[in-house]
Amino acid sequence: MFTPDGPGGRVLLQTRRGVLVQDAFPDLVAAASRLPDGLVLDGEVLAWDVEAEALSFEGLQRRAAARARTAPALVARLPALYVAFDVLQQGGVKLLTLSYRERRRRLEVLFAARALTSPWTLCPMTTDHATATQWLETWTEVIGIEGVLAKPMGARYLQGHRGWTKIKRRDTTEAVIGAITGTLTRPRLLVLGRHDHDGRLRAVGRTVTLRPEQAREVAEHLAPAVSGHPWEGVRFVAAWGC
């Protein structure tokens, strides 16, 4: 998120690939009037599904793909939130060489001084291992986030370099390989199922595309479907997923 350095400038919202998407998020652009000029924030845009009362990745995709004339119609149903991770420029002065500890302090001061509230959200941060573990175990389930990030407090901001580690929550469960795409000797992906209370095999998800070594390992345990397979005659559309 970039705010202009002076009168007449434009608020810019740029993806990590450099694509400008501010026209798709007029609510964030309007809310940027509460931010000081010459500010560059590093963060993530989220979409809140008002009806479901939950964050929505699908909703975010719809918002991001909207054109300037259609975006306003989505604002009420899928308002955008901006979670700020870092501050890279303030008052037109670049802060890239400062440590993350100092950049974080300035970001917290900015939020406090401006009394920033929704759609602006300061990403929570802690140096306490127990607290971070609790976030990983509970927030991923309740809020729907993927995990937590670990950043070195003394590191400066390196453009084009990932100076942090993402720690994702991993939940494991058992499932039946009910179908595959590809061939028995070279499966491409697996369609997974679980039995419901009535003993019927229900599709519950699919894997990502298997790597060659994974495909070879799985192929050793596959066999052709026999007559009477519970998914016999069932068709899964190409876009179907978990």
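Along each chain, residue indices are assigned from 1 in the same order as the chain's sequence is written. Per-residue local features are limited, in this predicted model, to residues with pLDDT of at least 70; the limit for side-chain atom pairs, both in listing and counting, is 80 or more; totals at the level of whole chains, interfaces and linings are taken over all residues. Heavy atoms from the whole structure form the basis of all side-chain values; hydrogens and water molecules are not counted.

J.: Tell me what's going on with the overall build of the chain, and back it up with residues and numbers.
T.: Of the regular secondary structure elements, the chain holds six helices and ten strands. We take the radius of gyration over the C-alpha atoms and set the globule estimate at 2.2 Å times the residue count to the 0.38 power. Taking 2.2 N^0.38 as the reference for a compact globule, 242 residues should give roughly 18 Å; the C-alpha atoms of the chain span a radius of gyration of 23 Å, well beyond that estimate. Summarising its shape, the C-alpha atoms of the chain cover approximately 70 × 45 × 35 Å along the three principal directions. The buried share of the chain, taken over its 242 residues, is 28%. Two residues form a contact once any of their heavy atoms are found within 4.5 Å. Intrachain contacts of the chain at a sequence separation of at least 6 include 55% that bridge at least 24 residues. A total of about 16100 Å² of accessible surface is found on the chain, and carbon and sulfur atoms cover 52% of it. For this count, His and the chain ends are skipped, Lys and Arg are scored as positive, and Asp and Glu as negative. A charge is said to be at NZ when it belongs to Lys, at CZ for Arg, at CG for Asp and at CD for Glu. Averaging the locations of the 32 positively and 25 negatively charged side chains of the chain gives two centres separated by 7 Å. Secondary structure elements are defined from DSSP: runs of H or I of at least 4 residues count as helices, runs of E of at least 2 residues count as strands, and each element is numbered from the N terminus. Using a 1.4 Å probe on the protein chains alone, a residue whose accessible area is under 20% of its type maximum counts as buried, one over 50% counts as exposed, and one in between counts as partly exposed. Note on areas: Shrake-Rupley with a 1.4 Å probe; residue coverage comes only from the protein chains shown.

J.: Which residues make up the packing of aromatic side chains, and what are the values?
T.: Classification of ring pairs rests on two measures: the distance between centres of Phe, Tyr or Trp rings, Trp counted by its six-membered ring, which must be within 6.5 Å, and the angle between planes, read as stacked under 30 degrees, edge-to-face over 60 and tilted in between. Using the criterion set out here, one finds two aromatic pairs in the structure. Seen in terms of ring centroids, Y82 and W120 are 5.7 Å apart; in terms of plane orientation they differ by 65°. Their pairing is edge-to-face. One end of the pair, Y82, is in strand 3 (residues 80–90); the other, W120, is in strand 5 (residues 120–122), and 38 residues separate them in sequence. Look at Y82 and you get buried, because its relative accessible area is 3%. Classification of W120 by relative accessible area gives buried; the value is 3%. Relative to W139, the ring of W135 has its centre 4.7 Å away and its plane inclined at 15°; by these criteria the two rings are stacked. With W135 and W139 both in helix 5 (residues 129–142) and four residues apart, this pair spans about one turn of that helix. For W139, a relative accessible area of 28% gives the class partly exposed.

J.: Quick rundown of the nonpolar core? Include the residues and the values.
T.: Nonpolar core, defined: a set of buried Ala, Val, Leu, Ile, Met, Phe, Trp, Tyr and Cys residues in which side-chain atoms within 4.5 Å join the residues together. Ranked by size, the top nonpolar core spans 25 residues in total, and within it M1, F25, Y82 and W120 carry the most contacts. The set of elements that each furnish at least two residues to this core consists of helix 1 (26–31), strand 1 (40–49), strand 3 and helix 4 (100–114). Counting residues per element, this core draws most heavily on strand 3, which supplies four residues. Filtering out sequence-adjacent residues up to four positions away, F25 remains in contact with L13, V45, L60, R63, A64 and A80.

J.: Pulling in residues and values, what's your account of a positive patch on the surface?
T.: A contiguous patch of positive charge, built from R16, R17, R162, K168 and R170, is present on the exposed surface. With respect to the helices and strands, R170 occurs in the loop between strand 7 (165–168) and strand 8 (176–182). Residue class for R170 comes out exposed when judged on its relative accessible area of 68%. Each patch groups residues whose relative accessible area exceeds 30% and which form no salt bridge, using 9 Å between like charges and 5 Å between nonpolar side chains of Val, Leu, Ile, Met, Phe, Trp and Tyr. A carboxyl oxygen of Asp or Glu within 4 Å of a side-chain nitrogen of Lys or Arg is what we treat as a salt bridge.

J.: Residues and numbers for helix 2 (residues 57–65), please.
T.: Among all positions in helix 2, only G59, L60 and R63 are buried. Projected down its long axis, helix 2 shows its buried positions confined to an angular sector of 100°, all on one face. Along helix 2, exposed side chains directed more than 90 degrees from the buried face belong to F57, E58 and A65. Against the buried residues of helix 2 lie helix 1, strand 1, helix 3 (72–75) and strand 3. Here a polar contact is taken to be a pair of N or O atoms separated by no more than 3.5 Å, where protein atoms must pair a possible hydrogen donor with a possible acceptor and residues adjacent in sequence count only if both atoms sit in side chains. N-cap assignment for helix 2: the residue whose side-chain oxygen lies 2.8 Å from the backbone N of G59 is S56. Note: the arc covers the axis-to-C-beta directions of the helix.

Bear in mind that shape data such as this cannot, by itself, settle questions of function.
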